[in-house]
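# Examination of the molecular architecture
Now for the letters of each chain:
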Amino acid sequence: MSELGEVLKKARLEKGLSLDDLQEVTKIRKRYLEALESGDYNVLPGKFYIRAFIKNYADVVELDAEEVLKYYHDEVPATEEFVNEPIPARKPKRMRSASSEKFGKIGFTILMWSFLILIAFVIWYYVLNKDDGAVNDNDIKGITDNSDVSKVTPTPTIVPTLSPTPIPTVQPVTISFVEKVGKDDVFKISPMKDAYSLQLVASGGASWIEIYEGGKNGTRIHYATMADGDTVNYNVSKDVYIVMRYAGYIEATMDGVMIEDGDIERSRILLKLDTAAVENTTTAQ
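Definitions and limits used
Residues numbered from 1 in each chain as written. Predicted model: local features only at pLDDT ≥ 70, side-chain atom pairs only at ≥ 80, totals over all residues. Heavy atoms only, no water. Helix = DSSP H or I, 4+ residues; strand = E, 2+ residues; numbered from the N terminus. Buried < 20%, exposed > 50% of the residue type's maximum accessible area, 1.4 Å probe, protein only. pLDDT = per-residue confidence, 0-100. Contact = heavy atoms within 4.5 Å. Pairing = 2+ DSSP bridges. Axes fitted to C-alpha atoms, helices over the stretch in contact; angles between N-to-C directions.

Across the junction of serine 190 and proline 191, the peptide omega takes the value -5°, indicating a cis bond. Turning to its location among the elements, proline 191 is positioned in the loop between strand E2 (184–190) and strand E3 (196–202). Located in the positive-phi region is lysine 27, a residue other than glycine, with phi close to 65°. Topologically, lysine 27 is positioned in the loop between helix H2 (19–26) and helix H3 (30–38). Assessed through its relative accessible area of 44%, lysine 27 is described here as partly exposed. Phi angles above zero are rare outside glycine, and glutamate 62 is one such case at about 60°. Within the secondary structure layout, glutamate 62 lies in the loop between helix H4 (47–60) and helix H5 (65–75).

Set out below in structure tokens:
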């Protein structure tokens, strides 16, 4: 057993955790955990994953990940550690928006109701004019006695022209980079809405995720490791702060619009709602 393996195993046993428990929490396969404790690095998929597994293991057993990694660096020469192990690049993502689909559904619904209202109005108008245009026997007799029926000119029926119902415009969500404050990348979300749909999808590897609603000092609503293929969804109505370790494996979207952040190792993102537009509208009123 390597020195690194002894440190990890000792900390795990002190926490009263079995390898099965650790596998459930970290989402790392049991045979990889056994390889870490025995120092058999050839079993593991690659040095980038080894470092990720060691950090994740250390976080769960409450060890300093950076200190634990020093054991690994001592056991594996630095010249070998980074050979042919570049950080995988993510494919460029195109901005996607769900607003066009929502707009189509809303427009179809409005047109359908407008058509039904038009039909109901035409039927009502026809029945009303039919009742008003009914002629009783006395009217016919009066016309016969005093004038020639053939000379009576019928009054033309005027059908009102209906104006088309305006279709409301649905503004798509936009995400704009504002500034970098310390380690935080600040983005602005507009327009202001009652709620937004936040989605995180892990693809290609595992990542540690923390999500706070209400900004950096807000309420933590998520704190866990996301394995490859995992998806997290939240409806949020306040500023959102996201911390991602190994962010290159995470695709984050707000209402279907991609949050483009350039950091792929560790990312800290603050999503601020565009309250300035709402305040300007209130002041104008």
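Looking now at the confidence of the model for the chain. Here the chain averages 78 in pLDDT, and 72% of its residues register 70 or above. The spread of mean pLDDT over the elements of the chain runs between helix H6 (residues 78–81), the lowest at 40, and strand E6 (residues 231–236), the highest at 94. A low-confidence stretch, residues 78–97 stays under pLDDT 50, and its non-local contacts, those more than four residues away or across chains, total 31 contacts. Per-residue pLDDT stays below 50 along residues 139–144; that stretch engages in 4 contacts with residues further than four places along the chain or on separate chains.

Pairing is mixed across the open sheet formed by 6 strands, whose spatial order is E1-E2-E10-E7-E4-E5. Two strands bound the open sheet, and with one partner strand each, they are strand E1 (174–181) and strand E5 (219–226). For this sheet the average axis-to-axis angle between neighbouring strands, irrespective of direction, equals 20°. Bridge count for strand E4 (residues 207–213) against strand E7 (residues 240–245) is 6 bridges, and the pairing is antiparallel. Note that in E7 the partner of isoleucine 211 across the bridge is isoleucine 242.

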